[in-house]
Amino acid sequence: LIIGPFALTVWIIWYIVSSIDNIIPALSEKVYPGITFLVVIATTTLIGFLGNKFIIGRFIVDSFDYILEHTPGIKFIYTSLKDVMTSFVGDKKKFNRPVLIKTNENPETWRIGFLTQSDLSSVGFPQYVSVYLPHAYAVSGWVVFALGTNVVELENVSAAQAMKFAVSGGVAGFHSDENIFKAPE
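Residues numbered from 1 in each chain as written. Predicted model: local features only at pLDDT ≥ 70, side-chain atom pairs only at ≥ 80, totals over all residues. Heavy atoms only, no water.

Re the environment of Ser118
Stage number 1. Assignment of secondary structure puts Ser118 in the loop between strand 2 (109-117) and strand 3 (128-134).
Stage number 2. On a C-alpha basis, the gap between Ser118 and Gly148 in space is 8.1 Å, while along the polypeptide they are 30 residues apart.
Stage number 3. Ignoring sequence-local partners within four residues, the contact set of Ser118 consists of Arg97, Tyr128 and Val129. (Helix = DSSP H or I, 4+ residues; strand = E, 2+ residues; numbered from the N terminus. Contact = heavy atoms within 4.5 Å.)

So this is what it looks like as structure tokens:
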């Protein structure tokens, strides 16, 4: 349990760095292994900084965004990826309201999720809300419509704690170590 997670983390980081280095193998082989990775990270950081802090940078980023959003064929891919990424990171995170949703009456069962729409009247479901229910150990989930009365907002739980709890299958997140079941030895 000590070496496994550590070794897997090191392997994943090495795989990512070497994969990016293979974009320009001549540079990585002649100069220094990992240099392509550092150049990609530095360039991405610089573009993000300039795009957020300077008017001309914001104009260039917005223009590029407009072109991609209006190019046939590319529009679908770009807008889908952009929507997914802005749901998790950035200033306009969408999964920022953790909730519990009643999924069964008898026995009473609740699932953790995230409120994504608080009013569905525009699609013919007044008094309904939409909730995203992430799957454990996967980058997938369900979106369900539920009566607002079957959804309870979690007040003392951050969105990060709720996502960690849901994705880990309930073994990580918002509990103390005292509440964790440990098998007898």
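After that view, the rundown keeps rolling.
Re the packing of helix 3 (residues 35-53) against helix 4 (residues 55-69)
Stage number 1. Remark: helix 3 packs on helix 4, axes separated minimally by 5 Å, with the N-to-C direction vectors making an angle of 110°. In terms of orientation, helix 3 lies roughly perpendicular with respect to helix 4. Two secondary-structure elements touch here, helix 3 through Leu50, Gly51, Asn52 and Lys53 and helix 4 through Ile55, Gly57, Arg58 and Val61.
Stage number 2. In terms of residue class, the contact of helix 3 with helix 4 is built from three nonpolar, three polar and two charged. (Axes fitted to C-alpha atoms, helices over the stretch in contact; angles between N-to-C directions. Parallel < 35°, antiparallel > 145°, perpendicular 65-115°, else oblique. Nonpolar A, V, L, I, M, F, W, Y, C, P; charged D, E, K, R; others polar.)

Observations regarding unusual backbone geometry
In terms of backbone geometry, most residues other than glycine have negative phi values and most peptide bonds are trans.
Stage number 1. In this structure, the amide linkage connecting Asn106 to the following residue, Pro107, adopts the cis form with an omega of 0°.
Stage number 2. The backbone of Gln127 sits at a positive phi, close to 70°, despite the residue not being glycine.
Stage number 3. By secondary structure assignment, the location of Gln127 is in the loop between strand 2 and strand 3.
Stage number 4. What makes Gln127 exposed here is its relative accessible area of 67%. (Buried < 20%, exposed > 50% of the residue type's maximum accessible area, 1.4 Å probe, protein only.)

A short note on the packing of aromatic side chains
Stage number 1. Here the structure, examined in full by the defined rule, presents three aromatic pairs.
Stage number 2. Measuring from centroid to centroid gives 5.4 Å for Phe125 and Tyr128, while their planes differ by 70°, and the two rings are edge-to-face.
Stage number 3. Since its relative accessible area comes to 35%, Phe125 is described here as partly exposed.
Stage number 4. Exposure remark for Tyr128: the relative accessible area of 26% places this residue in the partly exposed category.
Stage number 5. Taken together, a centroid distance of 5.3 Å and an interplanar angle of 80° make the contact between Phe125 and Phe145 edge-to-face. Taken as a pair, Phe125 in the loop between strand 2 and strand 3 and Phe145 in strand 4 (residues 141-147) lie far apart in primary sequence, 20 residues in all.
Stage number 6. Among the aromatic residues, ring-to-ring pairing joins Phe125, Tyr128 and Phe145 into one connected group. (Phe/Tyr/Trp six-rings, centres within 6.5 Å; stacked < 30°, edge-to-face > 60°.)

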